[in-house]
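# Examining the three-dimensional arrangement
Spelled out, the chains give:
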Amino acid sequence: AVVSTQSTGEAAGQFKLSVTDFLIKASSKALLDVPAANSQWADTCIRQYHNADISVAVATDSGLITPIVFTANNKGLKQINSDMGELKNKATEGKLQPHEF
């Protein structure tokens, strides 16, 4: 289904979705569907998050870096695709800011 969707979008002259885009969206949905997986132990309590920020490994000349797609749960596939394109470019050019990874 993912490959079929990719081909349809590309043939229509639209943006090209990657399998990674679908994985980011699915992971963000899963984190909200299972709140225990989207939580953190903080001293004396467990903090549950209401958004899903997803890190994705990007290869650069100096090694791997993991930029973050913030609030992926609130974004559509087109926005995730656009964000990943920008983050990949910044990563390979060495222009990611600390808050972006």
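Residues numbered from 1 in each chain as written. Predicted model: local features only at pLDDT ≥ 70, side-chain atom pairs only at ≥ 80, totals over all residues. Heavy atoms only, no water.

### Details of the pattern of salt bridges
Under the definition given, this model contains 4 salt bridges. Between Asp83 and Lys75 there is a salt bridge, with the nearest N and O atoms lying 2.5 Å from each other. By relative accessible area, Lys75 is classed as buried at 18%. The salt bridge partner of Glu100 is Lys90, with a shortest N-O separation of 2.7 Å. In this pair, Glu100 sits in the segment after helix H3 (77–93) while Lys90 sits in helix H3, placing the two residues 10 residues apart along the sequence. Here Glu100 falls in the buried class, since its relative accessible area comes to 11%. (Salt bridge = Lys/Arg side-chain N within 4 Å of Asp/Glu carboxyl O. Buried < 20%, exposed > 50% of the residue type's maximum accessible area, 1.4 Å probe, protein only. Helix = DSSP H or I, 4+ residues; strand = E, 2+ residues; numbered from the N terminus.)

### Some points on helix H2 (residues 19–33)
Over its 15 residues, H2 runs 21 Å from end to end, which matches the ideal 21 Å to within 8%, given 1.5 Å per residue. Within H2, the full set of buried residues consists of Asp21, Phe22, Ile24, Ser28 and Leu31. (Expected span 1.5 Å × (residues − 1).)

### Considerations on the nonpolar core
Generally speaking, a soluble globular protein has its nonpolar side chains buried in company with each other. Judged by nonpolar contacts, the single largest core of 13 residues is most densely connected at Ile24, Ile54, Val56, Val69, Ala72, Met84 and Leu87. It is H3 that contributes the most residues to this core, 4 residues altogether. Sequence-distant contacts of Ala72, defined by excluding residues within four places in its chain, comprise Ile24, Lys25, Ser28, Ala52, Ile54 and Ile80. (Core = buried A, V, L, I, M, F, W, Y, C linked by side-chain atoms within 4.5 Å. Contact = heavy atoms within 4.5 Å.)

### Some thoughts on the pairing of strand S2 (residues 45–48)
As judged from the 4 bridges shared by strand S1 (residues 39–42) and S2, these two strands associate in the antiparallel manner. What sits directly across from Trp41, in S2, is Ile46. The hairpin formed by S1 and S2 contains 2 residues between the paired strands, and Asp43 there has a positive phi angle of roughly 55 degrees. (Pairing = 2+ DSSP bridges.)

### Regarding the side chain of Ser28
Among the structural elements, Ser28 can be located in helix H2. Residue Ser28 is classed as buried on the basis of its relative accessible area of 1%. Separated by 2.8 Å, the side chain of Ser28 and the backbone oxygen of Lys25 make a polar contact. When residues no more than four places from it in sequence are discounted, the contact partners of Ser28 are Ala52, Ile54, Ala72 and Asn73. (Polar contact = N/O pair within 3.5 Å; in protein donor to acceptor, adjacent residues only side chain to side chain.)

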